[in-house]
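Descriptive structure summary
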Amino acid sequence: MAGLLVFGYGNPSRGDDALGPLFLEALQERLASSRRAGIEFLQDFQLQIEHALDLAGRDRVLFVDAHFGCPPPFRFERITPQRDDSYTSHAVSPQALLEVYRHINGEEPPPTYLLSIRGERFGLGESLSREAALNLESALRFAEALVGDPPGAAWEILGR
C-alpha cells in the first residue's frame, strides 16, 4: 500500500467543484515522469464513511477539494478527527471521516492534510472559471514541491 494517499473529490459537472478531480489528474501526469513511488491517487464525487477504509496503512493522507470560503489561491492545513453532523449523511467531511477511522480501527488516523482550492462558480453545467484555473495551477506547483520533500519536514511546518 502506498505511503501517501492523495484523494481528490468533487463534481466535474458543477463548474469549479471539479477542482479536486482536476488537481488529481494533473498531479498524476506531472509526477508520472519522475516515477515517484509510494503515492496512490483516489477520486470520488464526495467523501463517504466507506472511505475510512482507504486510509488504513498510509503514512499520510492529502484530501483535495474546491472551496468557496478560503482565501485564493488555496489553503493547506493539517486536520484532525472531529465528530460533526456529516457522518450521518451521504457526504462526510474529512474531519468526520477521520473520526470514523478512529472509531472503527481503535487507533489514530495517519497524519492528514486538507488542500482547499478556491473556487468561484459551482453551478451545474458551468465550466471551470478563469480564477479557479489559476488557483489550481498554484496548488499544483505547491503540491509538486510538497510531495518531493522528505516525509514530514514541510508537511508539518506548512500544515499548522
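Okay, so let's go over this structure. (Residues numbered from 1 in each chain as written. Predicted model: local features only at pLDDT ≥ 70, side-chain atom pairs only at ≥ 80, totals over all residues. Heavy atoms only, no water.)

1. Focus: the overall build of the protein chain
- Scanning the protein chain for helices and strands turns up four helices and five strands.
- Taking the intrachain contacts of the protein chain between residues at least 6 apart in sequence as the baseline, contacts between residues at least 24 apart amount to 75%. (Helix = DSSP H or I, 4+ residues; strand = E, 2+ residues; numbered from the N terminus. Contact = heavy atoms within 4.5 Å.)

2. So, helix H3 (residues 130–147)
- Over its 18 residues, H3 extends 26 Å from the first C-alpha to the last, a length consistent with the 26 Å expected when each residue adds 1.5 Å.
- Within the span of H3, buried status applies to Ala132, Asn135, Leu136, Ser138, Ala139, Leu140, Phe142, Ala143, Leu146 and Val147. (Expected span 1.5 Å × (residues − 1). Buried < 20%, exposed > 50% of the residue type's maximum accessible area, 1.4 Å probe, protein only.)

3. Some details on the sheet that holds strand S3 (residues 60–67)
- The strand order across the open sheet built from five strands is S2-S1-S3-S5-S4, with neighbouring strands paired in mixed fashion. Both edges of this open sheet fall to strand S2 (39–44) and strand S4 (74–79), since each of them pairs with a single strand only. Neighbour to neighbour, the strand axes of the sheet diverge by 20 degrees on average, direction disregarded.
- In this structure, strand S1 (residues 4–9) lies alongside S2, joined through six bridges in parallel fashion. Considered in S2, the bridge of valine 6 is made with phenylalanine 41.
- The sheet strands contacting helix H2 (residues 94–105) are S1, S3, S4 and strand S5 (112–118), and the helix crosses S4 at an angle near 20 degrees.
- Its contacts with the sheet place H3 against S1, S2, S4 and S5, and it is angled at close to 155 degrees to S5. (Pairing = 2+ DSSP bridges. Axes fitted to C-alpha atoms, helices over the stretch in contact; angles between N-to-C directions.)

4. Observations regarding helix H1 (residues 19–32)
- With 14 residues, H1 extends 20 Å from end C-alpha to end C-alpha; this agrees with the ideal 20 Å at 1.5 Å per step.
- Within the span of H1, buried status applies to Leu19, Gly20, Pro21, Phe23, Leu24, Ala26, Leu27 and Leu31.
- Tucked inside the fold, the buried residues of H1 contact S1, S2, S3, S5 and H3.

5. Overview of the pattern of salt bridges
- One pass over the full model with this rule turns up nine salt bridges.
- Note that glutamate 137 is salt-bridged to arginine 30, the shortest N-O span being 2.5 Å. Of this pair, glutamate 137 sits in helix H3 while arginine 30 sits in helix H1, placing them 107 residues apart in sequence.
- By relative accessible area, which is 29% here, glutamate 137 ends up partly exposed.
- The partly exposed category is assigned to arginine 30, whose relative accessible area is 28%.
- Among the ionic pairs, glutamate 77 bridges to arginine 75, the shortest N-O distance being 3.1 Å.
- Several salt bridges share partner residues, and in doing so they unite Arg30, Glu137, Arg141 and Glu144 into one network. (Salt bridge = Lys/Arg side-chain N within 4 Å of Asp/Glu carboxyl O.)

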